[in-house]
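What the coordinates show
Here is how the chains run, residue by residue.
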Amino acid sequence: MKKNIFIIILSLSLILITVASLFADEVNGELYDINGKNILKIWGTHSERGYAYGFLMQAGITDVMKNYILGQVFMNNSIAYENIRTYFENYYGIEQKYIDETESMITGIQEGGGILYSTVLGRDLDYIDILLCNTIVDLSARFSILGDVMHCSGISSWGESTVQDPELAGESIITRLLDWTPSQTLLDNQLIIVSIPSEADEQGWISFSFSGMLGSLSGINESGVTAFMDVGNNSNHPNMETLHPIFLSIRNGIESADYNGNGQCNPDDVAAAIEDKLHLSGSITHSICSTEKDSFAIVIECNNASGVAIRNVENNTVVPGDNLVATNHFRELYPPVYCYRYNNIVDSLDANTEISSERSWNLLCGAAGTYGNIQTIQFIPFNGEILWATSPNPANPAYTQIPAEFDLQELFDLNNVTPPIVENNLQIYAHPNPFSKNVEISYKLPENIRSSQIEIFNIKGQLVAKFRIENSESEINKIVWDASGYSAGIYFYKFNIEKSPIGKMVLMR
């Protein structure tokens, strides 16, 4: 197992005392259940998150790789698979951070007890296989290995279309159908991945995903920016320079704190990240955020031959009101072609442009729902409300199921799943965690200790702050650390007491 050793040097009454805390077998992640849905929460560097992902989800990842990718997509044809893998290695350029992440994922799978050996391939699965899995939609544009798998659609609304609704009051909302050729393996391995980076230039984001997926097919970041991708209907690919997986390009846009560096996190960051890379497949990415930000609702159309075109309410191709609609058909990059789902949505909006959260869900599902709908998602950026419905089997589309409800910020709260640290009658924990400026450290001292100090250390073991604390009759006491002048990263906190528990918190920018 990985060993993370943190050595803290304490100065006490001119005596240098070395206290070593060994975080043996530490996994920066937790797997739990909310409203009947699997939630994987991982935090730290790309390598730490990859390791935790592999360790906690080893059974699901190997199931998807062996039974969906190899078994269903490639029909257990090892020659075809290895040929496409060679193509992937020759033409795709992957950032080092994702190589580190997938290499650590493989280590986590091994140390979590997973079986990497594939009888079809006659070898162990490795990090390149994981990256290829995350490029499967792109590769299908050239090799047609998925067939006609996606019939996704989405509608976003705001302004005059939502102003009459008491809940929305003019704010934005987006509803999305993720359609895919039904696979019981995929349906059995659906989960929400909550990723909390320690890198200073990244932010937390969630992915409505499947075991083994790293990129963003359906993602929302901590700033409330969504990115829901549909496959485009034109994947002409004359340009074969260094290619990049579309899922990872979208992830770059929403995981970055400010991808385009304009001082605002909004859908333009997603567009810039897509435009920065060359993709094999066509894609249509529906992105919104709260209306308080600029460029808060756009559809990003992209393919290998023609690059990127942005569609917004000003070039909205027959959709009435303050609404945007996306399906699998280009409407700005190329002249629009007939799409019955797009037309059905427009017909409903022609009759009535007013939208509530309930009507957004029902309108989209009624006009565009198909038998292959495996996930239905709704998100309201200004209050963080999320609805997520999943299909249990091919006979029951997701939109027919009762959705689970989530709160965006609560998903990022590590204290939701991490109880207070209690050792030797000492109790201490930080909230919120991760945090961006101020963090509240709550503590409880045993009756025989009248006073102490809470000390905060950086990842190098350097003392950066300390607070004198007094015992009181209160059940829980609190101090607040203002970290506005400190660098983003991982910090540790403890009492200045022998055998004190040590907590970890993440400062994000």
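Scroll up a little and you will see the structure.
Reading guide: rules and limits
Residues numbered from 1 in each chain as written. Predicted model: local features only at pLDDT ≥ 70, side-chain atom pairs only at ≥ 80, totals over all residues. Heavy atoms only, no water. Helix = DSSP H or I, 4+ residues; strand = E, 2+ residues; numbered from the N terminus. Rg over C-alpha atoms; globule rule 2.2 N^0.38 Å. Buried < 20%, exposed > 50% of the residue type's maximum accessible area, 1.4 Å probe, protein only. Contact = heavy atoms within 4.5 Å. Phe/Tyr/Trp six-rings, centres within 6.5 Å; stacked < 30°, edge-to-face > 60°. Lys NZ or Arg CZ within 6 Å of the ring centre and 35° of its normal. Axes fitted to C-alpha atoms, helices over the stretch in contact; angles between N-to-C directions. Parallel < 35°, antiparallel > 145°, perpendicular 65-115°, else oblique. Nonpolar A, V, L, I, M, F, W, Y, C, P; charged D, E, K, R; others polar.

It is worth spelling out the overall build of the chain at this point. A count of helices and strands for the chain gives 12 helices and 27 strands. In summary, the chain has a C-alpha radius of gyration of 24 Å against a globular reference of 23 Å for 509 residues, a match within 12%. Here the chain, with 509 residues, has 57% of them falling under the buried criterion. Contacts in the chain between residues far apart in sequence, at least 24 positions, make up 65% of those at least 6 positions apart.

Turning our eyes to something else, we now look at the packing of aromatic side chains. Tallied over the full model, the rule gives 11 aromatic pairs. With a centroid separation of 4.6 Å and an interplanar angle of 35°, the aromatic rings of Tyr87 and Tyr91 are classed as tilted. Placement of both Tyr87 and Tyr91 in helix α3 (residues 78-91) is noted, with a separation of four residues, approximately one turn of the helix. Here Tyr87 falls in the buried class, since its relative accessible area comes to 8%. For Tyr91, a relative accessible area of 33% gives the class partly exposed. Against the face of Trp388 rests Lys37, its NZ or CZ located 5.8 Å from the ring centre.

The subject of this paragraph is the packing of helix α4 (residues 96-111) against helix α8 (residues 246-255). Each packed pair of helices is defined by two parameters, the angle between the axes and the distance between the axes. The geometry of α4 relative to α8 is characterised by a closest axis approach of 12 Å and an angle of 105° between their N-to-C directions. As far as their axial angle goes, α8 and α4 are roughly perpendicular. Contact with α4, carried on its side by Lys97, Tyr98 and Glu101, involves Leu248, Arg251, Asn252 and Glu255 of α8 and no other residues of that element. Considering only residue class, the contact of α4 with α8 consists of two nonpolar, one polar and four charged.

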